[in-house]
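What the coordinates show
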Amino acid sequence: MISLDEAVTARLESHGARFEVLVDPDAALAIKRGDFEDDLEDVIAAEDVFENASRGDRPAEDDLEKVFDTTDPMEIIPEVIREGEIQITADQRREMQERKRKQLIDTITRNAVNPQMDNAPHPPERIDNALEEAGFTVDPMEPAQQQVDDALDDLRPVIPIRFEEVTMAVQIPAEHAGSAQSKIREFGDLEREEWQADGSWIGVLTFPAGLQNEFYDTVNEHSSGEAETELIKDKDDLNTR
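Just so it is clear, the structure is predicted and the values come from calculations on it, not from any experiment.

Basis of the calculations
Residues numbered from 1 in each chain as written. Predicted model: local features only at pLDDT ≥ 70, side-chain atom pairs only at ≥ 80, totals over all residues. Heavy atoms only, no water. Helix = DSSP H or I, 4+ residues; strand = E, 2+ residues; numbered from the N terminus. Rg over C-alpha atoms; globule rule 2.2 N^0.38 Å. Buried < 20%, exposed > 50% of the residue type's maximum accessible area, 1.4 Å probe, protein only. Contact = heavy atoms within 4.5 Å. Areas by Shrake-Rupley, 256 points an atom, 1.4 Å probe, with all protein chains shown as cover. Axes fitted to C-alpha atoms, helices over the stretch in contact; angles between N-to-C directions. Parallel < 35°, antiparallel > 145°, perpendicular 65-115°, else oblique. Nonpolar A, V, L, I, M, F, W, Y, C, P; charged D, E, K, R; others polar. Phe/Tyr/Trp six-rings, centres within 6.5 Å; stacked < 30°, edge-to-face > 60°. Core = buried A, V, L, I, M, F, W, Y, C linked by side-chain atoms within 4.5 Å. Expected span 1.5 Å × (residues − 1). Arc of directions from axis to C-beta. Pairing = 2+ DSSP bridges.

On a plain count of helices and strands, the chain comes out with eight helices and ten strands. Here the chain has a C-alpha radius of gyration of 25 Å; the compact-globule value for 241 residues is 18 Å, and the former is much larger. Per-residue burial for the chain yields a buried fraction of 43% across its 241 residues. Considering only contacts in the chain between residues 6 or more positions apart, those separated by 24 or more positions represent 67%. Carbon and sulfur atoms make up 40% of the accessible area of the chain, which amounts to about 13,400 Å² in all.

Below, the structure is given as structure tokens:
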């Protein structure tokens, strides 16, 4: 369950009665969209249905039966969310908006490059400042991922930006290969890998171009700076390597 401070109220009025439930705002939106896949008990603040959640008043069982054909809160809660309205305070709206803005900046930073600077990644501060300059307003009620395209449209007149992937080859010496390769795999799609006779590991990965600096840092950290990396300009070259 979540804390009361994290929850928003979903309210449904039907048959002259009011029903309220306390739920995580992002989960509530996912439930309304029909793409919620987590456990309900993990995203609610109370396993209960209220007539007035702020006072803790509960509706009559007859009203629950009349509207929902059950008195089971775990069956009623999703229906209240789907059919009702999400009630959020001004403070909750600001908090949600700021959280979505950070998620949006993180997504763009991880995937975008500057095509005028040899496809170098944009730091988060640059993306943040450019969004501010572009006057882009984050919608707190929409997933950050769904706002990326609109944000990019607004960013392009302000900074050179493009979403791109890179393919990187890396060779890890034998003494570091075991632990390092497991961390490196997490960056993206492993195109190919080879364990050499001397115990060293060679991997070729494709991942969002914005992660290049983080990739180099991870490789150096887990290989004590002894790894070798090479940017693959053309994936067709993989067939001849």
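Next, the rest of the story.
Next up on the list: the packing of helix 1 (residues 25-33) against helix 4 (residues 90-111). Relative orientation of the contacting elements helix 1 and helix 4 amounts to 80°, with a least axis distance of 11 Å. For the element pair helix 1 / helix 4, the angle class is roughly perpendicular. When helix 1 is examined against helix 4, the residues P25, D26 and L29 are found in contact with a partner set consisting of M96, R99 and K100. Its residues placed into classes, the contact of helix 1 with helix 4 shows three nonpolar, no polar and three charged.

Another aspect to go through is the packing of aromatic side chains. Per the counting criterion, the structure on display carries five aromatic pairs. Between F19 and F68, the aromatic rings sit 5.0 Å apart at their centres with planes inclined by 75°, giving edge-to-face as the arrangement. A residue pair is termed long-range when its members are at least 10 positions apart, and F19 in strand 2 (residues 17-23) and F68 in helix 2 (residues 61-68) qualify at 49 residues. Overall, the relative accessible area of 0% leaves F19 in the buried class. Classification of F68 as buried rests on a relative accessible area of 8%. Through a chain of ring-to-ring contacts, three or more aromatic side chains come together here, namely F187, F207, F215 and Y216.

It is worth spelling out the nonpolar core at this point. Within the largest apolar cluster, 22 residues are counted, with the highest numbers of intra-cluster contacts made by F19, V23, F68, V80 and I81. Contributions of two or more residues to this core are made by strand 1 (8-14), strand 2, helix 1, helix 2 and helix 3 (73-83). Not counting residues up to four positions away in its chain, the partners in contact with V23 are I2, E6, A7, V8, A10, A28, V43, I44 and I81. Counting 17 residues, the second-largest nonpolar core is a separate cluster that includes V113, V166, A177 and I184.

The next thing to look at is helix 7 (residues 174-185). An α-helix turns once every 3.6 residues. As a result, residues three or four positions apart point the same way. Counted at 1.5 Å a residue, the expected span for helix 7 with its twelve residues is 16 Å, and the 16 Å between its end C-alpha atoms agrees. What helix 7 keeps buried is the set H176, A177, A180, Q181 and I184. All buried residues of helix 7 project into a common sector of 120° when viewed along the axis, lining one side. Those residues of helix 7 that are buried are in contact with strand 7 (165-172), strand 8 (189-195), strand 9 (201-208) and helix 8 (212-223).

Strand pairs in the sheet, formed through backbone hydrogen bonds, run parallel or antiparallel to each other. Reading across the sheet, the three strands line up as 2-1-3 and stay open at both edges, with antiparallel pairing between neighbours. Sheet topology places strand 2 and strand 3 (85-87) at the edges, where each strand pairs with a single neighbour. Mean inter-strand twist for the sheet, computed between neighbouring axes without regard to direction, equals 30°. Across the sheet, helix 2 lies against strand 1 and strand 2, angled at about 85° from strand 2, the strand it touches most.

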